[in-house]
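Residue strings, one per chain:
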Amino acid sequence: MLFRSRKYGNYNLEYLASFLENNSIVSNLLYFNYFDDDATIERALLNYDVVIFFADYLNNQKIKNICKQTKKINPIIKVIGFGKFVDKNCVNYCSNVFDFLCLGNSMQSVLNMLQNDFDPILISNDKNVFSQNNALGKVPSRFYDASLTPKMDYYKSRNIDIKYKTYVVSTRNDVCFGQCTFCLSNKGKYLYRDGKSVVSEIKNAVSIGIRDFLINDNDFFEIWSDDKNKKRIWDIINGLSEIKEKITISCFAKSKTILQVDEECLQKFKDCGLYCIFIGIDAGNLIDKEIYQKGSTLSEDRLALRKMDKLGIFKRIGFISVNPFSTPESLRENYQFLTDIKSSNIYHYGKLKTILFKGTALYQKAFDANLVRNERSPIAEYVFANQETAKMVRFLN
């Protein structure tokens, strides 16, 4: 059983589903998503030996509730948490939920456990498999095996209305060069998929009726200065231009890389279906820029947004209105910046508070300033260093 979203394809799970089915290790797979009723899921699990959930902090409590009830009636069921793209804090907030937590490039690890009846020696030696009694010193592999792609079994063999489905695809492994202090992203060397394999996967999805795509790299154009990577990006865009059906594509990018990328490339990508770029600006003032350690200046942010406007590419702006160290001045400057760029997202103007993840540099800064209030939780509650800020935030919310 795989835990998934209604709208967005979770290619972590779709890869795993195809991988297990193609290796003939499972005879029947059931699928549920976050919005399904807990009791419905619990009843279905009574007849299963293994349940696999996509692991992240958002569904942690729901999974915990389901597992607690299910294990009361079916104590032998094995609960696996799986997620190729999960943060480094996951072991802490999920270890008491799952029997086994598989991180990193762990599809083979899941297969090995199933084929070998959860052999404890094999599990102990697998650096991608964590359990409550076997986690110390393990670092999951972030190696990206480009040959592992979904073969669309999930879509072909099940009654899914793909007309409203956004298919998620990645062109490289799950690491980030950014130094954002609020982020738990994995760090390391980029390992890229061949451009042709990316195009082949998208064409395969188009052939069965999927028309909307999200490229999930944290910055699709990053390292544009590298000629080899630039050629790979052009290979993907040129391949997409061969698709006759009308498709829509969105992706992520940073301000600096948008400024570096040739307008010719962006225009051709738009002609192939690119309609939206999520751009993480996050702050509209110099104080917050420094706190978040963002890699772009306010001037670069403005120029990148203007470039997208010129090309007619819709910009979805990532913005954090408030953090533990916000001041009335920083909030006013945020407001001025947002009005300058004509943001129409009401949440940008005060409702988007920093999520303070345990293990981040921003968490440590807030903790050292005695602003953290529930230090045992993986997501911290906090108070504001400035009391006038606290009053303003209460008013805005």
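The numbering scheme is per chain: residues are counted from 1 as the chain's sequence reads. A pLDDT threshold of at least 70 governs which residues receive local features in this predicted model, and a stricter bar of 80 or more applies before side-chain atom pairs are shown or counted, although totals over entire chains, interfaces and linings include all residues. As a rule here, side-chain values cover all heavy atoms of the structure and leave hydrogens and water aside.

A. Seen up close, helix 15 (residues 361–368). Listed in full, the buried residues belonging to helix 15 are Leu362, Tyr363 and Ala366. Projection of helix 15 onto a plane perpendicular to its axis shows the buried side chains occupying an angular sector of 105 degrees, all on one side. Contacts: residue pairs with any heavy atoms within 4.5 Å of one another. What counts as a helix is a DSSP run of H or I of at least four residues, what counts as a strand is a run of E of at least two, and both are numbered from the N terminus. Residues of helix 15 that are buried make contact with helix 12 (286–292), strand 12 (356–357) and strand 13 (379–380). Among the residues trailing helix 15, asparagine 370 stands out with phi positive, at a value near 60 degrees. Classification of residues uses two cut-offs on accessible area relative to the type maximum, computed with a 1.4 Å probe and protein chains only: under 20% is buried, over 50% is exposed, and between them is partly exposed. Our arc is simply the arc of the directions from the helix axis toward the C-beta atoms.

B. Quick peek at the environment of tyrosine 48. Within the fold, tyrosine 48 resides in the loop between helix 2 (38–45) and strand 3 (50–54). Considering only alpha carbons, one finds tyrosine 48 and lysine 78, 30 residues apart in sequence, at a separation of 9.0 Å.

C. Seen up close, the packing of helix 2 against helix 3 (residues 60–73). To obtain an axis, a line is fitted to C-alpha atoms, over the contacting stretch when the element is a helix, and the angle between two such axes runs from 0 to 180 degrees between their N-to-C directions. Contact geometry of helix 2 with helix 3 gives a least axis separation of 10 Å together with a crossing angle of 45 degrees. The angle between the axes of helix 2 and helix 3 places the two elements in the oblique class. Here the hand of the crossing between helix 2 and helix 3 comes out right-handed. Residues Asp38, Ile41, Glu42 and Leu45 of helix 2 pack against Lys62, Asn65, Ile66, Gln69 and Thr70 of helix 3. Among the residues forming the contact of helix 2 with helix 3, the class breakdown is 3 nonpolar, 3 polar and 3 charged. Angle categories: roughly parallel below 35 degrees, roughly antiparallel above 145, roughly perpendicular from 65 to 115, and oblique for all the rest. Here is the rule for handedness: rotate from the far helix to the near one, and if that takes an anticlockwise turn smaller than a right angle the crossing is left-handed, while a clockwise turn gives right-handed. Each residue is assigned to one class: nonpolar for Ala, Val, Leu, Ile, Met, Phe, Trp, Tyr, Cys and Pro, charged for Asp, Glu, Lys and Arg, and polar for all the others, Gly among them.

D. Spotlight on the pattern of salt bridges. We define a salt bridge as a contact between a side-chain nitrogen of Lys or Arg and a carboxyl oxygen of Asp or Glu at a distance within 4 Å. One pass over the full model with this rule turns up 14 salt bridges. Close ionic contact of glutamate 201 with arginine 193 constitutes a salt bridge, the shortest N to O distance being 2.9 Å. The exposure class of glutamate 201 is buried, given its relative accessible area of 3%. The buried category is assigned to arginine 193, whose relative accessible area is 0%. Lysine 231 is paired through a salt bridge with aspartate 235; the nearest N and O atoms lie 3.0 Å apart. Of this pair, lysine 231 and aspartate 235 both sit in helix 9 (residues 227–240), 4 residues apart, which is roughly one turn of that helix.

E. Inspection of unusual backbone geometry at higher detail. In this structure, aspartate 117 is a non-glycine residue whose phi angle is positive, near 50 degrees. Here aspartate 117 is to be found in the loop between helix 5 (107–115) and helix 6 (120–125). One non-glycine residue with positive phi stands out, namely phenylalanine 118, at about 55 degrees. Its location among the elements puts phenylalanine 118 in the loop between helix 5 and helix 6.

F. Representation of the environment of phenylalanine 177. Tracing the backbone through its elements, the reader meets phenylalanine 177 in the loop between strand 7 (166–169) and helix 8 (195–207). Here phenylalanine 177 falls in the partly exposed class, since its relative accessible area comes to 41%. Not counting chain neighbours up to four residues away, the residues in contact with phenylalanine 177 comprise Gly188, Tyr190, Glu222 and Ile223.

G. The arrangement of the packing of aromatic side chains in detail. Note on aromatic contacts: the rings of Phe and Tyr and the six-membered ring of Trp form a pair at centre separations within 6.5 Å, being stacked when their planes are under 30 degrees apart, edge-to-face when over 60 apart, and tilted otherwise. Under the criterion given, the structure shown has 11 aromatic pairs. With a centroid separation of 5.1 Å and an interplanar angle of 75 degrees, the aromatic rings of phenylalanine 220 and phenylalanine 221 are classed as edge-to-face. Classification of phenylalanine 221 as buried rests on a relative accessible area of 0%. Relative to phenylalanine 278, the ring of phenylalanine 252 lies with its centre 5.3 Å away and its plane at 55 degrees, an arrangement referred to as tilted. One end of the pair, phenylalanine 252, is in strand 9 (residues 248–253); the other, phenylalanine 278, is in strand 10 (residues 274–282), with 26 residues separating them in the sequence. In this structure an aromatic cluster arises from ring pairing among Phe220, Phe221 and Phe269. Two conditions define a charge sitting above a ring: the NZ of Lys or the CZ of Arg must be within 6 Å of the ring centre, and it must be within 35 degrees of the ring normal. Stacked on the ring of phenylalanine 325, the Lys or Arg lysine 365 has its end atom at 4.9 Å from the ring centre.

H. Just the nonpolar core, in detail. Only buried Ala, Val, Leu, Ile, Met, Phe, Trp, Tyr and Cys residues count toward a nonpolar core, and they belong to the same one when joined by side-chain atoms within 4.5 Å. Core analysis: the largest hydrophobic core is formed by 45 residues, its most contacted members being Phe213, Phe221, Phe269 and Ile277. Discounting chain neighbours no more than four positions away, the residues touching phenylalanine 221 are Ile233, Cys251, Ala253, Thr257, Val261, Cys265, Leu266, Phe269 and Ile277. Membership of the second largest hydrophobic core comes to 19 residues, among which are Val322, Leu371, Ala390 and Val393.

I. Broad picture of the sheet that holds strand 7. In this scheme, strands are said to pair when DSSP sees at least two bridges between them. What the 5 strands build is an open sheet, ordered 7-8-9-10-11; its pairing is parallel. Every interior strand has two partners, whereas the edge strands, strand 7 and strand 11 (314–319), have only one. The average undirected angle you get between the axes of adjacent strands in this sheet is 20 degrees. Sheet topology places strand 8 (residues 212–215) next to strand 9; 3 bridges connect them, and they run parallel. Paired with aspartate 212 across the strands is threonine 248, a residue of strand 9. Relative to the sheet, helix 11 (residues 263–272) contacts strand 8, strand 9 and strand 10, its axis offset from that of strand 10 by approximately 125 degrees.

J. Helix 13 (residues 298–311), seen in detail. In this model helix 13 runs 20 Å from its N-terminal to its C-terminal C-alpha over 14 residues, within 8% of the 20 Å that 1.5 Å per residue would give. Every buried residue of helix 13 is accounted for by Leu298, Glu300, Asp301, Ala304, Leu305, Lys307, Met308 and Leu311. Turning to helix 13, the residues buried within the fold contact helix 10 (255–260), helix 11, strand 10, helix 12, strand 11 and helix 14 (328–340). Multiply 1.5 Å by the residue count of a helix minus one, and that product is the helix's expected span.

K. A look at the environment of threonine 70. In this fold, threonine 70 is placed in helix 3. Counting along the chain gives 28 residues from threonine 70 to glutamate 42, while the straight-line C-alpha distance between them is 5.7 Å. Setting aside anything within four residues of it in sequence, one finds threonine 70 in contact with Glu42, Leu45 and Ile77.

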